[in-house]
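Report on the structure
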Amino acid sequence: MRLGTILKIRDEPILKAIYEAVTAVHAQAYLVGGVVRNLALSRPLGFDYDIALSGKVKEIANLLAERLNGSPFALDKETGAYRVVVKSWEFGVGSSESKAQIHIDLLPLKGKDISEDLRKRDFTVNALALDIHAL
């Protein structure tokens, strides 16, 4: 990934809020799937973020919802997954402003660490991960 891309995404508000929330509760967090693919290809991040977490999923969901003025809810009670929906996120597109709905899925790690989690995923973009602290 290019240095310019990394510096640009450090200021991206959704990623910054995720970083601040996971740091506040001392959790490990990894971007997984499509956002990582988009970063690698220098494309816009998109509107769906998948985050694999070492723990405290509900607490992080609540913190993110508070910081982003979103709504948290259990996505899958059995696995402990949560989703935060931000209904009216404004972002710049050239000289105009647009609005989009953002989904942030927060998933507990499947296994003892991210390596084990990724081995349990399919072999598409879902098996890509980036430590949020590395950004």
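Reference entry: report on the structure contained in this document. (Residues numbered from 1 in each chain as written. Predicted model: local features only at pLDDT ≥ 70, side-chain atom pairs only at ≥ 80, totals over all residues. Heavy atoms only, no water.)

Observations concerning the overall build of the protein
Broken down by element type, the protein carries 5 helices and 6 strands. Reading the protein from its N terminus to its C terminus gives the helix and strand order α-α-β-α-β-α-β-β-β-α-β. Counting all 135 residues of the protein, 39% fall into the buried class. Entry remark: accessible area of the protein is about 7,700 Å², with carbon and sulfur atoms responsible for 51%. (Helix = DSSP H or I, 4+ residues; strand = E, 2+ residues; numbered from the N terminus. Buried < 20%, exposed > 50% of the residue type's maximum accessible area, 1.4 Å probe, protein only. Areas by Shrake-Rupley, 256 points an atom, 1.4 Å probe, with all protein chains shown as cover.)

Looking at unusual backbone geometry
Most peptide bonds take the trans configuration, and most residues that are not glycine carry a negative phi. Positive phi outside glycine occurs at K56, with the angle close to 60 degrees. With respect to the helices and strands, K56 occurs in the loop between β2 (48-53) and α4 (57-68). Given the relative accessible area of 45%, K56 is considered partly exposed. With phi around 55 degrees, N69 is a residue other than glycine that occupies positive phi space. Among the structural elements, N69 can be located in the loop between α4 and β3 (71-76).

Focus on α4
In a regular helix each residue adds 1.5 Å, so 12 residues correspond to 16 Å; α4 covers 16 Å between its end C-alpha atoms and thus fits that length. Along α4, the residues classified as buried are V57, I60, A61, L64, A65 and L68. One side of α4 holds all its buried residues, which, seen down the axis, span an arc of 135 degrees. Following α4 by one or two positions, N69 adopts a phi angle in the positive range, close to 55 degrees. (Expected span 1.5 Å × (residues − 1). Arc of directions from axis to C-beta.)

As for the environment of Y19
The topology assignment puts Y19 in helix α2 (residues 13-24). With a relative accessible area of 36%, Y19 lands in the partly exposed category. Taking the C-alpha atoms as reference, Y19 lies 8.1 Å from A29; in sequence the two are 10 residues apart. With residues near it in sequence (within four places) discarded, Y19 still touches I132 and H133. (Contact = heavy atoms within 4.5 Å.)

Points about the side chain of R83
Along the chain, the position of R83 falls in strand β4 (residues 81-93). Here D105 takes part through its side chain, which lies 2.5 Å from a polar atom of the side chain of R83. Setting aside anything within four residues of it in sequence, one finds R83 in contact with S71, P72, F73, L75, H103, I104 and D105. (Polar contact = N/O pair within 3.5 Å; in protein donor to acceptor, adjacent residues only side chain to side chain.)

Considerations on the pattern of salt bridges
Following the criterion strictly, the structure yields 3 salt bridges and no others. Salt-bridge contacts for R67 lead to E20; the nearest nitrogen and oxygen are separated by 3.1 Å. Taken as a pair, R67 in helix α4 and E20 in helix α2 lie far apart in primary sequence, 47 residues in all. We classify R67 as partly exposed; its relative accessible area is 40%. We note a salt bridge from K112 to D113, for which the minimum N-O separation is 3.7 Å. Judged by relative accessible area, K112 falls into the exposed class, the value being 68%. (Salt bridge = Lys/Arg side-chain N within 4 Å of Asp/Glu carboxyl O.)

Geometric descriptors of this kind do not, in isolation, establish any biological role.
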